[in-house]
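One-letter residues, chain by chain:
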Amino acid sequence: MKWSRVLCCLFALGLCLVPARAWTEKSPQQSPVNDEWNKPFKPFRIVGNVYYVGTNNLAVYLITTPAGHILMDTGMEQSGPIVRANIEALGYKLKYIRMILSGHAHYDHVAGHAAMKEATGAQIVASAEDA
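A brief structural summary. Every chain's residues receive numbers from 1 upward, in the order its sequence appears when written. pLDDT decides what is reported in this predicted model: residues at 70 or higher carry local features, side-chain atom pairs at 80 or more are listed and counted, and totals for whole chains, interfaces and linings draw on all residues regardless. Where side-chain values are given, they derive from all heavy atoms of the structure, hydrogens and water being excluded.

**Some details on the sheet that holds strand β3 (residues 61-63)**
Link 1 in the chain: Read across the sheet, 6 strands follow the order β1-β2-β3-β4-β5-β6 without closing on themselves; strand pairing throughout is mixed. The open sheet terminates on both sides in strands that have one partner only, identified here as β1 (44-47) and β6 (123-125). Taking each pair of neighbouring strands and ignoring which way they run, the sheet shows an average axis angle of 25 degrees. Two strands are said to pair when DSSP picks up at least two bridges between them. Here a helix means four or more residues in a row that DSSP labels H or I, a strand means two or more in a row labelled E, and each is numbered from the N terminus. Between N-to-C directions, angles cover 0 to 180 degrees, with each direction set by a line fitted to C-alpha atoms, over the stretch in contact for helices.

As structure tokens, then:
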């Protein structure tokens, strides 16, 4: 399967899994960051090789494959330690993450990209508009 097809499927999956309240969240200029967003949340398997590894209110997904893992979004900068701990709690190693896929360029989805790239060496993939 071509990577473009894989990315389209992952994007569609992400849209289906985003909580309804995420579509109505205010921008950081309109409201302060809610501490509830970065509270730890127990990671879990959603289906097959797709896992929730985000925080209490920031969705981050790990898709595991034999060729390397894909992380969809990273949450905010402050979310990094929680996301990393959740991945490891599921028994996966950060060094096997090969791709960080950006769902869309909101601060609460991508602010943790730089730190996660540094921790994993993964390639960051985004649409041309978001990049």
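Moving on from the coordinates now.
**Considering helix α2 (residues 80-89)**
Link 1 in the chain: Buried residues of α2: Gly-80, Ile-82, Val-83, Asn-86 and Ile-87, and no others. Angularly, the buried residues of α2 cover 165 degrees about the axis, an arc narrow enough to put them on a single face.
Link 2 in the chain: Note on contacts: a residue pair qualifies if any of its non-hydrogen atoms lie within 4.5 Å across the two residues. Those residues of α2 that are buried lie in contact with β3, β4 (69-72), β5 (97-101) and α4 (113-120).
Link 3 in the chain: Downstream of α2 by one or two residues, Gly-91 has phi in the positive range, about 95 degrees. Each residue's exposure class comes from its accessible area (1.4 Å probe, protein chains only) as a fraction of the maximum for that residue type: buried when under 20%, exposed when over 50%, partly exposed otherwise. Note that the arc is computed from the directions linking the helix axis to the C-beta atoms.

**Notes on α4**
Link 1 in the chain: Along α4, the residues classified as buried are His-113, Met-116 and Thr-120. Buried residues of α4, viewed axially, fall in a sector of 70 degrees; they line one side. Seen from the open side of α4, the exposed residues pointing more than 90 degrees away from its buried face are Ala-114 and Glu-118.
Link 2 in the chain: Where α4 is buried, its residues touch β4, α2, β5, α3 (107-110) and β6.
Link 3 in the chain: Of the residues trailing α4, Gly-121 is marked for its positive phi of about 80 degrees.

**Concerning the nonpolar core**
Link 1 in the chain: In terms of nonpolar packing, the biggest core is built from 12 residues, these being Tyr-51, Val-53, Val-60, Leu-62, Leu-71, Val-83, Ile-87, Leu-94, Ile-97, Ile-100, Met-116 and Ala-122.
Link 2 in the chain: Sequence-distant contacts of Ile-100, defined by excluding residues within four places in its chain, comprise Leu-71, Thr-74, His-113, Met-116, Lys-117, Thr-120, Ala-122, Gln-123, Ile-124 and Val-125.
Link 3 in the chain: Here, the term nonpolar core denotes a set of buried Ala, Val, Leu, Ile, Met, Phe, Trp, Tyr and Cys residues that are joined through side-chain atoms within 4.5 Å. With 10 residues, the next largest nonpolar core counts Val-50, Tyr-61, Ile-63 and Met-99 among its residues.

**Topic: unusual backbone geometry**
Link 1 in the chain: Positive phi, normally seen in glycine, also occurs at Asp-73, with a value near 70 degrees.
Link 2 in the chain: You can see Asp-73 is positioned in the loop between β4 and α2.

**Observations concerning the packing of aromatic side chains**
Link 1 in the chain: Two rings belonging to Phe, Tyr or Trp (six-membered ring only in the last case) form a pair when the distance between their centres is within 6.5 Å. Interplanar angles under 30 degrees mark stacking, angles over 60 mark edge-to-face geometry, and anything in between is tilted. Scanning all chains against the criterion turns up 5 aromatic pairs.
Link 2 in the chain: An aromatic cluster is built from Phe-41, Phe-44, Tyr-52 and Tyr-61, whose rings are joined through pairwise contacts.

Geometric values such as these leave the question of function open.
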